[in-house]
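Below, each chain spelled out in residue letters.
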Amino acid sequence: MISSIAELISDRIGAMPAGERRAAQTLIANYPMIGLKTVAEFSAAAGVSSPTILRFVARLGFQNYPEFQSALQDELAAQLQSPASRTLNPASPGGGAVSPMLEATLENMRETFRHLSEKQLADIGALLAARRGKTFLIGGRFTDPLARYMAAHLAIVQPDVYHLAGQESIWRDRLIDMGKRDVLVIFDIRRYQDSLVRFAETAHQRGVQIVLFTDQWLSPIARFARHVIAGRTAVPSAWDSSAALFVVAETLIGAVTRQLEADGAKRIRELEGLR
């Protein structure tokens, strides 16, 4: 699979001049719709000139603005695919089900980490280990098990870690306990969950720092997130795969555990003593 525009931005934003970086940030915050508008509308939203938008598009590897928009339209179509539509895809040549699935999953992991910088992982690990406030984790219909798994591990090495489960009204009530010192980790992949978007927006308004685990097409929650991990999820199946995001979560669990080595080890010993 070719790189998504969000992945291209992640790879190249470090080399962008300030104006192009503003264009990139505006696109990520309004992905992908602002890129489907005219150059003049995109430039006005980003507060940069039209030539800057065209230079930004060229830096991503596109020959012109229509080619850039065509790629965004393809991504939007992929983003809106349902499991029913994906069951109509032709079977892979070779017949067996295991090999194509395994190869696609391994490729998803490789591509996910290829577009994740060491600095981004370090920054997210430091944020989760900072212990300035509370850490809340939540996921969607199929990704909440990842949130629960990550919360269970982080809660062993540091206090004030909470997995938000149950009905929307229950976890919306927890917003009263969230503020600027807290971190909210959200897992959300296509087709994105409206209740999570609403929850993230309200948390953002309260100053909560959001870390988003999503797919290469970007959940709308990206516009509220301080950090976005865009993992590969597409596999030859009616269902998307969360395997790459799971490995990223485990990588961050390990990073946080190492950073909290002394306090974490003490906490683990105390927990063992209570059993």
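In what follows, the structure referred to is the one given above.
Here is a short report on the structure shown in this document. The structure displayed is predicted, hence computed values, not measured ones. Chains are numbered independently. Their residues run from 1 in the order of the written sequence. A pLDDT threshold of at least 70 governs which residues receive local features in this predicted model, and a stricter bar of 80 or more applies before side-chain atom pairs are shown or counted, although totals over entire chains, interfaces and linings include all residues. Remark: hydrogens and water are excluded; side-chain values derive from all non-hydrogen atoms of the structure.

## Details of the pattern of salt bridges
Oppositely charged side chains can form a pair if their charged atoms are brought close together. Just to be clear on terms, a salt bridge is a Lys or Arg side-chain nitrogen sitting within 4 Å of an Asp or Glu carboxyl oxygen. Counted by the stated rule, this structure contains twelve salt bridges. Note that E111 and R114 form a salt bridge whose closest N and O atoms lie 2.9 Å from each other. Note that E111 and R114 are positioned in helix 7 (residues 98–114) at a spacing of three residues, about one turn of the helix. Working definition: with a 1.4 Å probe on protein chains only, accessible area under 20% of the residue-type maximum means buried, over 50% means exposed, and in between means partly exposed. A relative accessible area of 11% means that E111 is categorised as buried. For R114, a relative accessible area of 49% gives the class partly exposed. Between E168 and R198 there is a salt bridge, and its shortest N-O distance comes to 3.2 Å. Of this pair, E168 sits in helix 10 (residues 168–173) while R198 is found in helix 11 (residues 194–205), placing the two residues 30 residues apart along the sequence. Beyond isolated ion pairs, a larger network of salt bridges with shared partners links E7, E111, R114 and R232. For helices the rule is a DSSP run of H or I covering at least 4 residues; for strands it is a run of E covering at least 2, with both sets numbered from the N terminus onward.

## Thoughts on the sheet that holds strand 5 (residues 227–231)
Judged by pairing direction, the sheet is parallel, and its five strands sit side by side in the order 2-1-3-4-5 without closing on themselves. Single-partner strands in this sheet number two, and they are strand 2 (161–163) and strand 5. Direction aside, the axes of adjacent strands within the sheet are offset by 15 degrees on average. Only when DSSP finds a minimum of two bridges between them are two strands counted as paired. By the bridge criterion, three bridges tie strand 1 (residues 135–139) to strand 2 in an arrangement that is parallel. Looking at strand 2, one finds that T135 is bridged to V161. Sheet strands in contact with helix 11 are strand 1, strand 3 (183–187) and strand 4 (209–215), and its direction is about 165 degrees off that of strand 3. Contacts are assigned to residue pairs that have any heavy atoms within 4.5 Å of one another. Only the stretch in contact is used when a helix axis is fitted, and all axes are lines through C-alpha atoms; the angle between N-to-C directions ranges over 0 to 180 degrees. Relative to the sheet, helix 12 (residues 243–259) contacts strand 3, strand 4 and strand 5, its axis offset from that of strand 4 by approximately 145 degrees.

## Here we look at the packing of helix 2 (residues 18–29) against helix 3 (residues 39–46)
Contact geometry for helix 2 and helix 3: axes closest at 9 Å, N-to-C directions at 100 degrees. Here helix 2 lies roughly perpendicular to helix 3, going by the angle between them. Contacts from R22, A23, T26 and L27 of helix 2 reach helix 3 at F42, A45 and A46. Any angle between 65 and 115 degrees counts as roughly perpendicular, while under 35 counts as roughly parallel, over 145 as roughly antiparallel, and the rest as oblique.

Just geometry here; none of it tells us what the structure is for.
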